[in-house]
Amino acid sequence: MKTQVAIIGGGPAGLLLSQLLNRAGIATVVLERRSRAYVLSRIRAGVLEWGTVEMLREAGVGARMDREGLVHDGCWLSRGDAMVRVDFKEACGRQVMVYGQTEVTHDLYDAQEAIGAVVLHGVEDVALHDLTGAAYVTFTHEGQAVRLDCDYVAGCDGFHGVSRGSIPPEVRREFEKVYPFGWLGVLSETPPVDHELIYASHERGFALASMRNPMLSRYYVQVPLTDRVEDWSDAAFWAELKLRLPSAVAAQLVTGPTIEKSIAPLRSFVSEPMRWGRLFLCGDAAHIVPPTGAKGLNLAASDVHYLSEAFKRAYGKGNTGGLESYSADALARVWQAMRFSWSLTMMMHRFPEQSDYERRMQETELALLERSATARRLMAEGYTGLPF
Ligand code: APR
Ligand code: PHB
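Worth saying up front: this structure is predicted, and the values here are computed from it rather than measured.

A. Local environment of the sheet that holds strand β13 (residues 173-188). Here we have 8 strands laid out as an open sheet, ordered β6-β5-β14-β15-β16-β13-β17-β20, and mixed in their pairing. Because the sheet does not close on itself, it has two edges, and the strands there are β6 (82-87) and β20 (287-288). One ladder, built from 13 bridges, connects β13 with strand β17 (residues 258-272); its direction is antiparallel. Its bridge partner being in β17, Glu174 is matched across the sheet by Ser271. Sheet contacts for helix α7 (residues 234-244): β13, β14 (198-201), β15 (207-213), β16 (216-223) and β17; angle to β16, the most-contacted strand, approximately 80°. Sheet contacts for helix α11 (residues 326-348): β5 (74-79), β13, β14, β17 and β20; angle to β17, the most-contacted strand, approximately 130°.

B. Region of the structure containing the pattern of salt bridges. Evaluated as defined, the whole model comprises 26 salt bridges. Of the charged contacts in the structure, one is a salt bridge between Glu49 and Arg333, with a shortest N-O distance of 3.0 Å. Remark: Arg333 occurs in helix α11 and Glu49 occurs in the loop between β3 (47-48) and α3 (50-58); sequence separation between them is 284 residues. The two residues Glu49 and Arg333 agree in class, both being buried. One salt bridge connects Lys312 with Glu309, and the closest N-O pair in it is separated by 3.3 Å.

C. Quick look at helix α13 (residues 373-384). Taking 1.5 Å of rise per residue, 12 residues should cover 16 Å, and α13 covers 16 Å from first to last C-alpha, within 8% of that figure. For α13, the set of buried residues is Ala375, Arg376, Met379, Ala380, Gly382, Tyr383 and Thr384. Between the side-chain oxygen at the start of α13 and the backbone nitrogen of Thr374 there is a gap of 3.1 Å, and the oxygen is on Ser372. Count one or two residues on from α13 and you reach Gly385, which has phi positive near 100°.

D. Layout of the site of ligand 2. In the vicinity of ligand 2, 15 residues are found, and the nearest of them are Tyr199, Ser210, Arg212, Tyr220 and Gly293. One of the side-chain N or O atoms of Ser210 is found 2.6 Å from an oxygen atom in ligand 2. At a separation of 2.7 Å, an oxygen atom of ligand 2 approaches a polar side-chain atom of Arg212. Contact with the protein chains covers 100% of the free accessible surface of ligand 2, which is 280 Å². For ligand 2, the cavity whose grid points lie within 2 Å of the majority of its atoms is the largest cavity. Counting only elements with at least two residues in the shell around ligand 2, the list comes to β15 and β16. With 3 residues, β15 is the largest single contributor of residues to the shell around ligand 2. Looking at the shell around ligand 2, its residues break down into 9 nonpolar, 4 polar and 2 charged.

E. Broad picture of the side chain of Ser341. Mapped onto the elements, Ser341 comes out in helix α11. A relative accessible area of 0% places Ser341 in the buried class. At a separation of 2.9 Å, a polar atom in the side chain of Ser341 contacts the main-chain carbonyl oxygen of Ala337. For Ser341, the contacting residues outside a window of four places in its chain are Val289, Pro290, Thr292 and Lys295.

F. Structural context of the packing of helix α9 (residues 296-317) against α11. Axis separation between α9 and α11 bottoms out at 9 Å; the angle between their running directions is 160°. The pairing of α9 with α11 is recorded here as roughly antiparallel in orientation. Of the two elements, α9 crosses α11, and the hand of that crossing is right-handed. Across the interface between the two elements, Leu299, Ser302, Asp303, Tyr306 and Leu307 of α9 pack against Tyr326, Asp329, Ala330, Arg333, Val334 and Ala337 of α11. Here the residues of the contact of α9 with α11 sort into 7 nonpolar, 1 polar and 3 charged.

G. Representation of the site of ligand 1 within the structure. Every one of the 23 residues lining ligand 1 counts as a neighbour, but Glu32, Arg42, Arg44, Gln101 and Asp284 are closest to it. Between ligand 1 and the protein, one listed contact pairs an oxygen atom with a side-chain N or O atom of Gln101 at 2.7 Å. Leu297 has a polar backbone atom sitting 3.0 Å from an oxygen atom of ligand 1. Here ligand 1 loses 91% of its free accessible area of 700 Å² to cover by the protein chains. Where the shell around ligand 1 is concerned, the elements lending two or more residues are α1 (12-23) and α9. When residues in the shell around ligand 1 are grouped by element, the largest group, 3 residues, is from α9.

H. Up close: α1. The terminal C-alpha atoms of α1, which comprises 12 residues, lie 16 Å apart, in line with the 16 Å expected from a rise of 1.5 Å per residue. Counting buried positions along α1 gives 10 out of 12 residues, so the element sits mostly inside the fold. Restricting attention to buried positions, one finds in α1 the residues Pro12, Ala13, Gly14, Leu15, Leu16, Leu17, Ser18, Gln19, Leu20 and Leu21. Tucked inside the fold, the buried residues of α1 contact β1 (5-8), β2 (28-31), α3, α6 (101-114), β12 (152-155) and α9. Gly25, located one to two residues past α1, shows a positive phi value of around 80°.

I. Structural detail: the domain arrangement of the chain. For the chain, the assigned domains are domain 1 (5-72 + 96-176 + 267-344) and domain 2 (179-266 + 353-384). Facing the 22 residues of domain 1 at the interface are 18 residues of domain 2. Of the roughly 1800 Å² buried between domain 1 and domain 2 on both sides combined, carbon and sulfur atoms contribute 67%. Ranking the residues of domain 1 by area buried against domain 2 places Ile43, His72 and Phe340 at the top, with a combined share of 27%. Seen at the junction of domain 1 and domain 2, the total is 0 salt bridges. Between the two partners, domain 1 and domain 2, sit 5 residue pairs in polar contact (both at pLDDT 80 or more). Mapped by element, the contributors of at least two residues to the side of domain 1 that touches domain 2 are β4 (70-72), β7 (96-98), β17 and α11. Broken down by element, the side of domain 1 that touches domain 2 gets its largest block of residues, 3 residues, from α11. When the residues that make up the side of domain 1 that touches domain 2 are grouped by side-chain class, the tally is 12 nonpolar, 6 polar and 4 charged.

The rules behind these values
Residues numbered from 1 in each chain as written. Chains lettered and ligands numbered in written order. Predicted model: local features only at pLDDT ≥ 70, side-chain atom pairs only at ≥ 80, totals over all residues. Heavy atoms only, no water. Pairing = 2+ DSSP bridges. Helix = DSSP H or I, 4+ residues; strand = E, 2+ residues; numbered from the N terminus. Contact = heavy atoms within 4.5 Å. Axes fitted to C-alpha atoms, helices over the stretch in contact; angles between N-to-C directions. Salt bridge = Lys/Arg side-chain N within 4 Å of Asp/Glu carboxyl O. Buried < 20%, exposed > 50% of the residue type's maximum accessible area, 1.4 Å probe, protein only. Expected span 1.5 Å × (residues − 1). Polar contact = N/O pair within 3.5 Å; in protein donor to acceptor, adjacent residues only side chain to side chain. Near = heavy atom within 4 Å. Areas by Shrake-Rupley, 256 points an atom, 1.4 Å probe, with all protein chains shown as cover. 1 Å grid on protein atoms, 1.4 Å probe; cavity = no way out; pocket = protein on both sides within 12 Å on 5 of 7 lines; lining within 4 Å. Sits in = over half its atoms within 2 Å of the grid points. Nonpolar A, V, L, I, M, F, W, Y, C, P; charged D, E, K, R; others polar. Parallel < 35°, antiparallel > 145°, perpendicular 65-115°, else oblique. Left-handed = near helix turned anticlockwise from the far one by under 90°. Domains from an automatic or database assignment. Buried area = accessible area lost by both parts, 1.4 Å probe.

Set out below in structure tokens:
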């Protein structure tokens, strides 16, 4: 087989890249290890920065998002019963869109099918070869060994993919912070407790009230890494959530059976560089953020923005400048989002062995948001996303 850009991984990063490149007349082949149903069963965060919203529209996949997504002007942060609202629109003139990553991926698959893009599922043993020369990819598909020759490889295969490890260890540098807790998340067919998101800090730990639509709520509570999903009955989850939300909010909470329950650890991770020869890393393959602030999908979209623009210039005008500077361009924005997610995570969670001093610092940060329009603006810019 032969193509222009071989894309490893059919998650949101790989599909969005494929979609934008195909629309620009650049040929791609997407190689995905799992089935489409499996990829669509993964539940992830649900807040899109405005830049991501505009990219999805540009890629021709914005119609359902614009119909069903919820545009939010702000969010709440609480500590015990004290609540502070950050009005994004007032603070920085921008908004966000609440629309689940599962739905984004669904729309991307439909759009890829509609334009006849090549997406191979159930692909095994993917290996990248000769990345600093005449690059090619080998894999097994339906029992057949296949060789795919290409101009470039986009590594969009997530944290556990093969692409990052194809960059020699001596040129690669990793930065990592592992947080000593996880988030237990549930999905429930109940009306959301508020029409905006509530990030709640509490002596017992962090909680988040989010949503997918007017009859589907998404809630999280911070849990120790040793907890297992089986330890948490629905009743125990709702009781804990109520304790951590401000009491006026908890009084409004509608509970019901949960339709999904899972625990995810929190981690910050960056691998540099994001380019090696003809290989370009995008999304979780290069970096992981803790879910606080919902930057994961947005960062994948931001990488895809830089990379798709660079490919368009390279193929359209013969100008490879964007490809040369891809790693530096993408990483500059990645680190800003890393800082934002880290800072919101540090401010809102209960850490084991946290001193009274550190707790006062968290309280003071929240008080600063209440007192200072400058602090709210900084938060709003980070939350709604820095410009590309
Ligand atoms: N060969 C082929 N495909 C692979 C391989 C491999 N060796 N390894 C992983 N994959 C596939 C996975 O099955 C997955 O569908 O690559 C895809 C990577 O998708 P994601 O993990 O969703 O990563 P990404 O597209 O970068 O999206 C980033 O989605 O994962 C969330 O939290 C993340 O919100 C963030 C966003
Ligand atoms: C979610 O709705 O799943 C969600 C929203 C905001 C976050 C994290 C997760 O910061």
